[in-house]
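Fold and geometry: a report
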Amino acid sequence: MTEEPIEQDLLDKAYDLYFSDDYDDLEILLRPFICSYNVHIKYLQSYCTHDDGNRILSSEEADKEWVEFLHECAENEVADAMYHLAIHYWNGEDVEKNEAKAAEFFEKAAKLGHGASILAHGKNLYYGLFGLDRDLENGLDFMKKAVDIGVESAEYEYAKANQ
């Protein structure tokens, strides 16, 4: 299936609504694109409810499908999907626990600028977690970047690492 191009302004507005947990307005914004195929739009639509009250993908009914969908989004460089996959692999939720895969997805999402992933990857490097070699300098650099972009708890983690 060929991905349909979507204007960047629309995607930016949609992600702003998503990150502010405004799913009702997100649904209204995305409704005209329900039949289009764009991985970012489909990812965002997965968080919306529709008139019948059903989610596009219900994790309760289709956990395996949800993880497959996250993988599809991750393959198309949707950083938030990578972050969620990292969490799934870290906790062994709906997948077999795999810290190496968690670290890989945190790193990929961090390199795409995903805030929480930048902090997580920095901590993984600094403390040598998830099978990564301990790398104090790069770990601190990632944590500092998280501080600079205002990631929640980044200041605390950075200060703690610098003690």
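This section reports on the structure supplied with the text. (Residues numbered from 1 in each chain as written. Predicted model: local features only at pLDDT ≥ 70, side-chain atom pairs only at ≥ 80, totals over all residues. Heavy atoms only, no water.)

It is worth spelling out the pattern of salt bridges at this point. Two side chains that carry opposite charge are able to pair once their charged atoms sit near each other. Under the defined criterion, the tally for this structure stands at five salt bridges. Here K123 and E157 are joined by a salt bridge, their closest N and O atoms 3.5 Å apart. Of this pair, K123 sits in helix α7 (residues 115–127) while E157 is found in helix α9 (residues 154–161), placing the two residues 34 residues apart along the sequence. Assessed through its relative accessible area of 25%, K123 is described here as partly exposed. (Salt bridge = Lys/Arg side-chain N within 4 Å of Asp/Glu carboxyl O. Helix = DSSP H or I, 4+ residues; strand = E, 2+ residues; numbered from the N terminus. Buried < 20%, exposed > 50% of the residue type's maximum accessible area, 1.4 Å probe, protein only.)

One broad rule of soluble globular proteins: the nonpolar side chains tend to lie buried together. Counting residues in each nonpolar core, the largest one holds 30 residues, and the members touching the most others are A14, L26, L44, L85, Y89 and F105. Counting residues per element, the ones that place at least two in this core are α1 (8–19), α2 (23–30), α4 (63–75), α5 (79–91) and α6 (99–111). If near-sequence neighbours (up to four positions away) are discounted, L85 is found in contact with V67, L70, H71, A74 and F105. One finds A110, A146, V151 and A161 within the second-largest nonpolar core, a separate group that totals twelve residues. (Core = buried A, V, L, I, M, F, W, Y, C linked by side-chain atoms within 4.5 Å. Contact = heavy atoms within 4.5 Å.)

With that settled, consider unusual backbone geometry. The phi dihedral of E77 is positive, around 60°, even though this residue is not glycine. Within the element layout of this structure, E77 appears in the loop between α4 and α5. Exposure remark for E77: the relative accessible area of 53% places this residue in the exposed category. Not every positive phi belongs to a glycine, and D94 is a case in point at roughly 70°. As for its position among the elements, D94 is in the loop between α5 and α6. With relative accessibility at 36%, the residue D94 sits in the partly exposed group.

Let us look at the packing of α5 against α6. As a packed pair, α5 and α6 sit with axes 8 Å apart at the nearest point and diverge in direction by 160°. Considered as vectors, α5 and α6 are oriented roughly antiparallel to each other. Seen along the crossing, α5 lies across α6 with a hand that is left-handed. Residues A79, M82, Y83, L85, A86, I87, Y89 and W90 of α5 pack against E99, K101, A102, F105, F106, K108 and A109 of α6. (Axes fitted to C-alpha atoms, helices over the stretch in contact; angles between N-to-C directions. Parallel < 35°, antiparallel > 145°, perpendicular 65-115°, else oblique. Left-handed = near helix turned anticlockwise from the far one by under 90°.)

With twelve residues, α1 extends 16 Å from end C-alpha to end C-alpha; this agrees with the ideal 16 Å at 1.5 Å per step. Among the residues of α1, L10, L11, A14, Y15, L17 and Y18 are the ones counted as buried. For α1, the buried positions fall inside an angular range of 160° around the axis, keeping them on one side. Those residues of α1 that are exposed and aimed more than 90 degrees away from the buried face are D9, D16 and F19. Of the residues one or two after α1, D21 is the one with positive phi, at around 60°. (Expected span 1.5 Å × (residues − 1). Arc of directions from axis to C-beta.)

What follows covers the layout of surface pockets. Quantified by volume, the largest pocket comes out at close to 330 Å³. What lines the largest pocket is a set of 16 residues, among which Y83, A116, L119, A120 and K123 lie closest to the centre. Listing elements by their share of the lining of the largest pocket, those giving two or more residues are α5 and α7. For the lining of the largest pocket, the leading source of residues is α7, giving six residues. (1 Å grid on protein atoms, 1.4 Å probe; cavity = no way out; pocket = protein on both sides within 12 Å on 5 of 7 lines; lining within 4 Å. Points joined across faces, edges and corners; volume = space filled by probe spheres on them.)

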